[in-house]
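# Observations on chain architecture
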Amino acid sequence: MEINDGNLQTLTEFMRKTLDPDPSVRRPAEKFLESVEGNQNYPILLLTLLEKSQDNVIRVCAAVTFKNYIKRNWRIIEDEPNKISDPDRTTIKANIVNLMLSSPEQIQKQLSDAISIIGREDFPLKWPDLLTEMVTRFQSGDFHIINGVLRTAHSLFKRYRHEFKSNELWLEIKLVLDTFANPLTELFKATIELCQTHATDINALKILFSSLTLISKLFYSLNFQDLPEFFEDNMETWMSNFHNLLTLDNKLLQTDDEEEAGLLELLKSQICDNAALYAQKYDEEFQPYLPRFVTAIWNLLVSTGQEVKYDLLVSNAIQFLASVCERPHYKHLFEDQNTLTSICEKVIVPNMEFRSADEEAFEDNSEEYIRRDLEGSDIDTRRRAACDLVRGLCKFFEGPVTAIFSGYVNSMLGEYAKNPGVNWKHKDAAIYLVTSLASKAQTAKHGITQANELVNLTEFFVNHILTDLKSQNVNEFPVLKADAIKYVMIFRSQLPKEQLLQAVPLLVAHLQAESTVEHTYAAHALERLFTMRGPNNSTLITPAEMAPFTEQLLNNLFKALALPGSSENEYIMKAIMRSFSLLQEAIVSYIPTLIGQLTHKLLLVSKNPSKPHFNHYLFESLCLSIRITCKANTTTVGSFEEALFPVFTEILQNDVQEFVPYVFQVMSLLLEIHTSSIPNSYMALFPHLLQPVLWERTGNIPPLVRLLQAYLEKGGATIASSAADKIPGLLGVFQKLIASKANDHQGFYLMNSIIEHMPTESIVQYRKQIFILLFQRLQSSKTTKFIKSFMVFINLYGVKYGAIALQEIFDSIQPKMFGMVLEKIVIPEVQKVSGPVEKKICAVGITKILTECPAMIDTEYTKLWTPLLQALIGLFELPEDDSIPDDEHFIDIEDTPGYQTAFSQLAFAGKKEHDPIGEVVSNPKILLAQSLHKLSTACPGRVPSMLSTSLNAEALQYLQGYLQAASVQLV
Amino acid sequence: MPTKSATDDRLSKFKNKGKEPSKLRERRIAECVELRKAAKNENFLKRRNISTLPEDAVQSPEFNTDNHEVTVTTIEEVVGHVNSDCKERQTRGCQAARKLLSRERNPPLKEIVEAGLLSRFVEFLGRDDDPSLQFEAAWALTNIASGTSWHTQQVVEHGAVPAFISLLASPMLHISEQAVWALGNIAGDGPAYRDTLIECNVIPALLSRITPDTPVGYLRNLTWTLSNLCRNKNPFPPLSAVQQVLPSLLQLLHLSDQDVLSDACWAVSYLTDGANDRIDIVVQTGIVPRLVALMAFEALTVVTPALRSIGNIVSGSDIQTQVAIDAGVLSVLPSLMRHSKPSVQKEAAWAVSNIAAGPAQQIQQMLTCGLLPPLIDLLRNGDFKTQREAVWAITNFTSGGTVEQVIQLVQSGGLEAILNLLTVKDSKTILVILDAISNLFMAAEKMGETDKLCLLVEELGGLDKIEMLQNHENDTVYRTAQGLIEKFFTDEEAEGLQTEATDTTLAFKTQDVQKTFRF
């Protein structure tokens, strides 16, 4: 592509078309540009266009296209062709800085980005003169150009703030410092002087202050990794100027905008960051300057208003003070009573006030308000910063600070009492202050776990919180009500039980409040109170204590779901779940009505599932209803099936992916409750469960396997008799699952159920194939998880069909197979089996192999007898071997083909651990002793001689112990 | 029964456990580029002799008379004197040059070199008949060699090395001493000239001057020169040279003069700043107990290099570390960690971090000697560089310690202290802390106490901080933070599935051709 007018013209036309709203025009033009971008000179044409085009739109478009082109193509990837020709690269690098600096701002920003992308690859080695070229522009005196340079430098250097230290990085920084640090310092000084000479020229000031902000940002980047020699030598220049700028105010630079931070705020904010960086990392060198900065920043805080535009500045400034006041050698700066009072009064209290912006959020954006206030996403807020400062000051001055604040709290409460309608915000601030002062440690599970002993939480609760909760009108002062509810919630572990009990009915009443925040908090507080544990690990609040309020509680919770804005309120649904779980039998009489409401809700949300947490708790609540009711009377299971199956059918038919795994879990729960044989309604569904498409979705596998297990447990015989043609499909599921490293254990769960529950004759024809599949997998990819499951399976097989059957089927597949599996798998790996039931199965299985399998005594397998016994004793006595070979750590991740809906396990659909051996063998060690005894009486002398020749002494000692405990002897 | 070291074997197989102790211990060696000012308490590479020499007056009254005159002598005059054949003028010229080179500010090093005087000065070094001339020439050359590499190079290229080495044997002690000094400057230039000197057998010549009667001033210079001969890496001084120097260093380390001790310690610190075989040569001499004793010395000039040497040694193998432990290093370190100088605290924390990278028994000895409280103090109140070293110590501790030791660490406040540091402005330190947290969780998993640790981390404000790190700009940091959150602070995890081709029902069949199974 030559650089000529014709090509420029063509390019212009296509460029224009890429801006067309009509995709049929736009797309082909974009395609065309992509198809020619590999040509030499293409980027140069773009640069020419952005420089020379008469049409401003085309110029900007060319700039954006150029930047994106650079972003896609500049990096040279090893073993891939270079996508930009070397002459083009050289031309671009030779011209781009100039071009950027002479372009209008819109284009300058694009080119500046392009430079930093190129710089990231080529600087410094392949673009050695970039910096010198940039630095010379500082002399230009044109601040449009200078700011362009500074902005580019900032995008080049800002990575120094987060990259790991390395020789390569530090060499680059060193080089940058050598060329850049001194000119930057000179520019800094010159700019400050210019600010003084142009103190009355608002336009000049604006440009100069953006320069100062950029310079301060560069200072931060260049000083981040370590304190450079240059800046240590020039600390006086930088710090005294920073200090002056912090204290500077210029009416001209103040903005009217309440939201957006102005230039002064941005600059001062960055200077606070710079001071904080030095205070944290270069304490020794910065010490002489620090007190001055503390005073300046504190004065800044005192004189800064409440507007949102100051938020970042204020929170940065407060955080600076918070980090300094915790350091022992700066303690003296804060020690003075007047200083402390002044900080509390002028910095902390004003920043804890409830502002109009908070009020708006409370009313109109309750979700956001709750997230910030309850879930702690308030990281950058003033309130949070003020809280951190309180905590910082309390490290050394807990007593004085508490005393000062107590005074404040009282006076604010006094103001409120005088005229609550006008002064309610004072009470809000007072509650917030008490909370931040009192809380020393907090968790989501327990609320505040450690409190400031100087604050009397109970007294405050009785005098100021309870009164609000008791007020007849739940809709009056909703913010204060929400505060009071939150107080109960977060101090729940600190308040005495009788007070919590006093609060419960009040909270129940607040579920009816119109304010979303208020009734949400009430639900959340109740939910948290119901999880609290008392002595003996039972719930702190008992169902009996709840009895007077049960009906009201359930009523109000379900009514709250009907309040505007709360139809899918997860806090309320969680409170419903928790109430069910707490109240247990007490809810049984309400369930017939409630199940209808829950099913109705389910039907509604299944049209368009959008609140995953709400939905999850909804299913949990369903499970609880079923469990609790059926525990009292198993025959009621039918009524649940009647209520739920129509909705379930709809969900399955419409394939509501989010809900299908839940449905399978609830169905498992229902089926497991049945005591007699499997109902026909379930058998009708059986063929559908084997459909391959269901097994494609990750989230379905665990609940489906569990459901099939329930089918086998309840209907093994029915399947064998009336659905025998489905058995290959069932085994197909098994085959699919064991082929996957991630799901093989699920395949074994299924197979273990088949072995345990299916009539022998129905699977006898498939047995050999099952083993062959397992051996194939063992051969192709043997992982620890697979081996563990495999050992459990073969031992279960041995327990069920006898050790001889196990040995025979192995050896029928391949001669000596049984010995190989024992020698290569069981003996070395049995130590890895985990889980008490799994270990028991293996112990009983191995005992059978040792004592009921003639081949182990009579054939060449005899040499494995003692090692196998030793491994069994190891299984009993040694700690579990939980090591995993290095190459297996990431299997789960590699095996996942992409993101799929995760499986959400329902806690209340939980399955009881199943022990296929059960009470038949209560102590496997005794079983071993008895079985060995039996064997030894059958062939006297053999067993003791095998033991004495090769069993190690320690193992022998354990064995003696078992024999003694079983009161048997070997002969 | 296979009970033996089953747990130890397993430890090294844990996830994220790829960091062998030896790797943890390489940190200092890898870091070379510095942005900071050269450390203020390190030793000088080269020194200029700017003493005003009261001896001048004592030695020869005649110089005294024209002393004033000489100070105003110009370089042209110096050239004239030095190049003349008159012994007196030569001496006068030489002395004038020496005085110019000894003045406090802007000594005319370059001018003297460019005036072509060096070959004359070197020639004068051989003038055994005129000790005064020898002395003045030696002094002048010493000061020129104290300049930049270029200056030193001029001195060497004019053949000064053999001349100075011969001069070491001078019966006049002050002349021999000046030669020692000059050679020190040449050795301090870098590994190349250091090795040139060593090849010229400077070491035996120097060592032969150490006698019970050698004055302490002379010994100070000599020790400093020896330290420069041990100094610098890439390459290290030849092993044979090290072997030659060590016995004398050992001897010097037992003197009481503070300056001699300081330089002798610096020499040892250079020799130990390398791979384990280098450390071994030093440890073999039995020097370690003396170094440990010197760590407890009062003077900072001795404490600093002694601590550095021990720090280097404990960065070596477990056996080398054990030698230092047996010598009592663990009872000295607590007071150094509480030293008033932050630089000493930092070095001490570094040493602790390397000891903590050792096996559980060494960690146990640390605990027994009470290193944990001062270490945690440093995490809380030390300056940033010290905190960084202390963080390494904690991470190493958590990766090699037994479950019981790790519990003790948490109970002593170690967890709280590192969690508070998660807001530091240094990506690497944050990552190292996250590693420690992950190690703690592995210990908790073994005990089935994961939930308890989760609550504790949350209570201590750590969860908030880790959550915030999910927005960190450094990729590795945010991924690691995310990993911790996902693994320990969320309830359920997704599992994967390998899909296969299927039709209406899943096929259950085995392949027809069957190979023999071998596992």
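Residues numbered from 1 in each chain as written. Chains lettered and ligands numbered in written order. Predicted model: local features only at pLDDT ≥ 70, side-chain atom pairs only at ≥ 80, totals over all residues. Heavy atoms only, no water.

Per an unreviewed UniProt entry, chain B goes by the name Importin subunit alpha and belongs to Salvelinus namaycush. As recorded by UniProt, the Sequence similarities (unreviewed entry) comment attached to chain B reads in full: "Belongs to the importin alpha family." (UniProt positions renumbered as here; feature names shortened; annotations may be inferred.)

Labelled according to an unreviewed UniProt entry, chain A appears under the name Exportin-2, originating from Salvelinus namaycush. Under the UniProt heading Subunit (unreviewed entry), the entry covering chain A gives this text: "Interacts with cftr."

Secondary structure summary: chain B contains 33 helices and 0 strands in total. Every one of the 519 residues in chain B was classed for burial, and the buried ones make up 54%. Taking contacts inside chain B between residues at least 6 apart in sequence as the whole, the part at least 24 apart equals 74%. Here chain B displays about 22,400 Å² of accessible surface, and carbon together with sulfur accounts for 51% of that area. (Helix = DSSP H or I, 4+ residues; strand = E, 2+ residues; numbered from the N terminus. Buried < 20%, exposed > 50% of the residue type's maximum accessible area, 1.4 Å probe, protein only. Contact = heavy atoms within 4.5 Å. Areas by Shrake-Rupley, 256 points an atom, 1.4 Å probe, with all protein chains shown as cover.)

The subject of this paragraph is the overall build of chain A. A count of helical and extended segments in chain A gives 50 helices and 2 strands. For chain A, the C-alpha radius of gyration of 38 Å lies well beyond 30 Å, the compact-globule estimate for 971 residues. Projecting the C-alpha coordinates of chain A onto the three principal axes gives extents of approximately 110 × 80 × 65 Å. For chain A, the proportion of its 971 residues judged to be buried stands at 56%. Sequence separation of 24 or more characterises 74% of the internal contacts of chain A that already satisfy a separation of 6 or more. Here chain A carries 88 positive and 116 negative side-chain charges, and the mean point of each set is 4 Å from the other. (Rg over C-alpha atoms; globule rule 2.2 N^0.38 Å. Lys, Arg positive; Asp, Glu negative; His and termini not counted. Charge placed at Lys NZ, Arg CZ, Asp CG, Glu CD.)

Our next topic: the packing of helix 9 (residues 167-197) of chain A against helix 12 (residues 235-247) of chain A. All names here are of chain A. Contact geometry of helix 9 with helix 12 gives a least axis separation of 11 Å together with a crossing angle of 30°. Crossing of helix 9 over helix 12 shows left-handed handedness. Between helix 9 and helix 12, the contacting residues are L184, T185, F188, K189 and I192 on the first element and T237, W238, N241, F242 and L245 on the second. Among the residues making up the contact of helix 9 with helix 12, the classes are represented as 6 nonpolar, 3 polar and 1 charged. (Axes fitted to C-alpha atoms, helices over the stretch in contact; angles between N-to-C directions. Left-handed = near helix turned anticlockwise from the far one by under 90°. Nonpolar A, V, L, I, M, F, W, Y, C, P; charged D, E, K, R; others polar.)

For soluble globular proteins, the rule of thumb is that nonpolar side chains tend to be buried together. One finds F180(A), F320(A), Y711(A), F775(A) and W865(A) to be the most contacted residues of the largest nonpolar core, which totals 356 residues. Counting residues per element, this core draws most heavily on helix 21 (residues 382-418) of chain A, which supplies 15 residues. Filtering out sequence-adjacent residues up to four positions away, F320(A) remains in contact with C272(A), A275(A), A276(A), A279(A), L290(A), F293(A), V294(A) and I297(A). Counting 155 residues, the second-largest nonpolar core is a separate cluster that includes A267(B), I325(B), A356(B) and V391(B). (Core = buried A, V, L, I, M, F, W, Y, C linked by side-chain atoms within 4.5 Å.)

Here the focus is the UniProt feature "repeat: ARM" (unreviewed entry) in chain B. Residues and elements named next belong to chain B. Per the UniProt record, "repeat: ARM" (unreviewed entry) is annotated on residues 159-187, 244-286 and 370-398. Structurally, residues 159-187 is divided into 79% helix and 0% strand, and its ends, taken at the C-alpha atoms, are 15 Å apart. What you have in residues 244-286 is 79% helix and 0% strand, and the ends, taken at the C-alpha atoms, are 15 Å apart.

Bringing unusual backbone geometry into the picture now. Cis geometry marks the peptide bond from F123(A) to P124(A); its omega dihedral reads 0°. Inspection of the secondary structure assignment puts P124(A) in the loop between helix 6 (105-122) and helix 7 (130-136). A cis amide bond, omega -5°, links N234(B) with the succeeding residue P235(B). Its location among the elements puts P235(B) in the loop between helix 16 (216-230) and helix 17 (239-253). One non-glycine residue, N537(A), lies in positive phi territory at about 65°. Structurally, N537(A) is set in the loop between helix 26 (516-531) and helix 27 (543-546). Residue class for N537(A) comes out exposed when judged on its relative accessible area of 56%. Positive phi, normally seen in glycine, also occurs at K816(A), with a value near 70°.

The subject of this paragraph is the pairing of strand 2 (residues 447-451) of chain A. Along any regular strand the residues' side chains alternate between the sheet's two faces. Residue and element names in this part refer to chain A. Pairing geometry for strand 1 (residues 439-443) and strand 2, over 4 bridges, is antiparallel. The residue of strand 2 that forms the bridge with A441 is Q450. Here strand 1 hands over to strand 2 after 3 residues, the two strands then running antiparallel side by side. (Pairing = 2+ DSSP bridges.)

Quick look at the pattern of salt bridges now. Residue and element names in this part refer to chain A. Enumeration over the complete set of coordinates arrives at 59 salt bridges over all chains. Across the salt bridge formed by K189 and E186, the nearest N and O atoms sit 3.5 Å from each other. Of the two residues, K189 and E186 both sit in helix 9, 3 residues apart, roughly one turn of that helix. The partner of K607 in a salt bridge is E650, and the shortest N-O contact between them spans 3.2 Å. Pair noted here: K607 is in helix 30 (residues 591-607) and E650 is in helix 32 (residues 637-653), with a separation of 43 residues, a long-range link. Judged by relative accessible area, K607 falls into the exposed class, the value being 58%. Among the residues examined, E650 registers a relative accessible area of 32% and is labelled partly exposed. (Salt bridge = Lys/Arg side-chain N within 4 Å of Asp/Glu carboxyl O.)

The subject of this paragraph is the environment of S140(A). All names here are of chain A. Here S140 is to be found in the loop between helix 7 and helix 8 (143-157). The class of S140 is partly exposed, set by a relative accessible area of 38%. Through-space distance from the C-alpha of S140 to that of K52 is 23 Å; in sequence the pair is 88 residues apart. In contact with S140, other than residues within four places in its own chain, are I145 and I146.

A cluster of acidic side chains, namely D256(A), D257(A), E258(A), E259(A), E260(A), E360(A), E363(A) and D364(A), defines a negative patch on the protein surface. Judged by relative accessible area, which is 56%, E260(A) ranks as exposed. (Patch = residues over 30% accessible without salt bridge, like charges linked within 9 Å, V, L, I, M, F, W, Y side chains within 5 Å.)

Further remarks concern the packing of helix 8 of chain A against helix 9 of chain A. The description of two helices packed together rests on the angle between their axes and the distance between the axes. Residues and elements named next belong to chain A. The interhelical angle for the contact between helix 8 and helix 9, taken along N-to-C directions, is 140°, at an axis separation of 13 Å. As the angle between them shows, helix 8 and helix 9 are arranged oblique. Here the hand of the crossing between helix 8 and helix 9 comes out left-handed. Residue-level inspection shows F143, I146, L150, A153 and F157 of helix 8 in contact with helix 9, the latter providing V176, F180, L184, L187, T191 and L194. Class assignment of the residues belonging to the contact of helix 8 with helix 9 gives a composition of 10 nonpolar, 1 polar and no charged. (Parallel < 35°, antiparallel > 145°, perpendicular 65-115°, else oblique.)

In this section: the packing of aromatic side chains. Scanning the model with the defined rule gives 49 aromatic pairs over all chains in all. Between F771(A) and Y797(A) the ring centres are 5.0 Å apart and the planes differ by 90°, which places this aromatic pair in the edge-to-face class. One end of the pair, F771(A), is in helix 40 (residues 767-780); the other, Y797(A), is in helix 41 (residues 784-801), with 26 residues separating them in the sequence. Of the two residues, F771(A) and Y797(A), neither departs from the other in class, the shared state being buried. Counting every residue linked through ring pairs, the aromatic cluster contains F188(A), F219(A), F230(A), F231(A), W238(A), F242(A), Y278(A), Y282(A), F286(A), Y289(A) and F293(A). One Lys or Arg, R47(B), reaches over the ring of W224(B) and ends 4.0 Å from the middle of that ring. (Phe/Tyr/Trp six-rings, centres within 6.5 Å; stacked < 30°, edge-to-face > 60°. Lys NZ or Arg CZ within 6 Å of the ring centre and 35° of its normal.)

To continue, consider the confidence of the model for chain B. Residue and element names in this part refer to chain B. Across chain B, the average pLDDT comes to 85, with 85% of residues at 70 or higher. Low pLDDT, under 50, characterises residues 1-23; the stretch is placed with 33 contacts to residues that sit more than four places away or in other chains. Across residues 55-71 the pLDDT falls below 50, and counting only partners more than four positions away or on other chains, this stretch makes 14 contacts in the model. Both scores are available for the predicted complex, with the pTM at 0.77 and the ipTM at 0.79. (pLDDT = per-residue confidence, 0-100.)

Here the focus is the side chain of S439(A). Residue and element names in this part refer to chain A. Inspection of the secondary structure puts S439 in strand 1. Look at S439 and you get buried, because its relative accessible area is 5%. At 3.2 Å, the side chain of S439 forms a polar contact with the side chain of R391. Among all residues touching S439, those that are not within four sequence positions of it are R391, I448 and Q450. (Polar contact = N/O pair within 3.5 Å; in protein donor to acceptor, adjacent residues only side chain to side chain.)

Take the confidence of the model for chain A next. Any region with low pLDDT has predicted coordinates that should not be read closely. Per-residue pLDDT for chain A has a mean of 91; in total, 97% of the residues score no lower than 70. In the model, residues 889-901 of chain A has pLDDT below 50 throughout and makes 19 contacts with residues more than four positions away in sequence or in other chains.

For helix 24 (residues 478-490) of chain A, spanning 13 residues, the distance from its first C-alpha to its last is 18 Å, which sits close to the expected 18 Å at 1.5 Å a residue. With 12 of 13 residues buried, helix 24 of chain A is to be regarded as a mostly interior element. (Expected span 1.5 Å × (residues − 1).)

Attention now goes to the UniProt feature "domain: Importin N-terminal" (unreviewed entry) in chain A. According to UniProt, the "domain: Importin N-terminal" (unreviewed entry) feature falls on residues 29-102 of chain A. What you have in residues 29-102 of chain A is 73% helix and 0% strand, and the ends, taken at the C-alpha atoms, are 29 Å apart.

Let us look at helix 48 (residues 924-938) of chain A. Here helix 48 of chain A is 15 residues long and its end C-alpha atoms lie 21 Å apart, about the 21 Å a rise of 1.5 Å per residue gives. Two to three positions downstream of the cap, the backbone nitrogen of K925(A) sits 2.9 Å from a side-chain oxygen, assigning the N-cap of helix 48 of chain A to N923(A).

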